[in-house]
Amino acid sequence: MGFDPPCVTRIIHAKPPASIAQYLQEIGRAGRRGQQSHAILYYNKRDLAANTPGIQQDIIKYCSDDTRCLREKLLEPFGFQKSDQIANDKCCSICKSKSAASHSLSAMENVEI
Ligand SMILES: [Zn+2]
């Protein structure tokens, strides 16, 4: 039995949690009724320093790689894969920006000169 309010749709961290497992557990408190929810993680380079008390390498690596899907990076250590049913603009900030860039490029390709 834990803290399980059904109306939580946004989880905001002011600094990284100690590990990926802790982060996944904490953001899992949002969207318990299936509603779209958001997890926002703020950090800076000092938060990710290897000598930060309690911080583990997996969360440092998660925050340091800004090229891969955030959802994939969260699920892979636990043997899960991202569902194909999730549209890029609803997945994460990385996928959303890649999707927007792709749409911009497509729009440019369709411009007649
Ligand atoms: Zn993503």
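Residues numbered from 1 in each chain as written. Predicted model: local features only at pLDDT ≥ 70, side-chain atom pairs only at ≥ 80, totals over all residues.

Quick reminder of the rule: UniProt positions are given in the numbering used here, feature names are shortened, and annotations may be inferred rather than shown by experiment.
An unreviewed UniProt entry lists the protein chain under the name DNA 3'-5' helicase, with Dreissena polymorpha given as the organism. Recorded under Catalytic activity (unreviewed entry), the UniProt text for the protein chain is reproduced unchanged: "Couples ATP hydrolysis with the unwinding of duplex DNA by translocating in the 3'-5' direction." Note on the protein chain: under the UniProt heading Sequence similarities (unreviewed entry), the record states "Belongs to the helicase family. RecQ subfamily."

## Side note on the overall build of the protein chain
Note the threshold: Each helix corresponds to a stretch of at least 4 residues labelled H or I by DSSP, and each strand to a stretch of at least 2 residues labelled E; elements are numbered beginning at the N terminus. Put simply, a residue is buried when 20 or more other C-beta atoms lie within 10 Å of its own C-beta and exposed when 12 or fewer do; between those, it is partly exposed, and each C-beta is set from the backbone. Whether two residues are in contact depends on their C-beta atoms, placed from the backbone: they are in contact if these lie within 7 Å.
Helix and strand content of the protein chain: five helices and two strands. Taken from N to C terminus, the helices and strands of the protein chain fall in the order β-α-β-α-α-α-α. Among the 113 residues that make up the protein chain, the fraction classed as buried is 10%. Sequence-distant contacts in the protein chain: of pairs separated by 6 or more residues, those separated by 24 or more amount to 52%.

## Here we look at the pairing of strand β1 (residues 10-13)
We apply this condition: We call two strands paired when DSSP finds no fewer than two bridges between them. When the strands point away from the viewer and the connection leading from the first strand across the helix to the second strand turns clockwise, the crossover is called right-handed.
As judged from the four bridges shared by β1 and strand β2 (residues 38-41), these two strands associate in the parallel manner. Looking at the pairing, I11 lines up with A39 of β2. Crossover connection from β1 via helix α1 (residues 20-27) to parallel β2: handedness right-handed.

## As for α1
Threshold: Relevant arc is that of directions from the helix axis to the C-beta atoms, nothing else.
What α1 keeps buried is the set I20, Y23 and I27. The buried residues of α1 all sit within an arc of 60 degrees when viewed along its axis, so they share a single face. Here the buried face of α1 lies against β1, β2, α2 (57-64) and α3 (70-75).

## A word on the nonpolar core
We count it as follows: Definition of nonpolar core: a set of buried Ala, Val, Leu, Ile, Met, Phe, Trp, Tyr and Cys residues joined via C-beta atoms within 7 Å.
Counting eight residues, the largest nonpolar core is built from I20, Y23, I27, A39, L41, I59, Y62 and L74. Every element with two or more residues in this core is listed here: α1, β2 and α2. In terms of residue count, α1 provides more of this core than any other element does, three residues in total. Discounting chain neighbours no more than four positions away, the residues touching I20 are D58, I59, Y62, L74 and P77.

## So, the environment of P6
Note on placement: P6 falls in the segment before β1. Judged by C-beta crowding, with 9 C-beta atoms within 10 Å, P6 ranks as exposed. Ignoring anything within four residues of it in the chain, the contact list for P6 reads R32 and R33.

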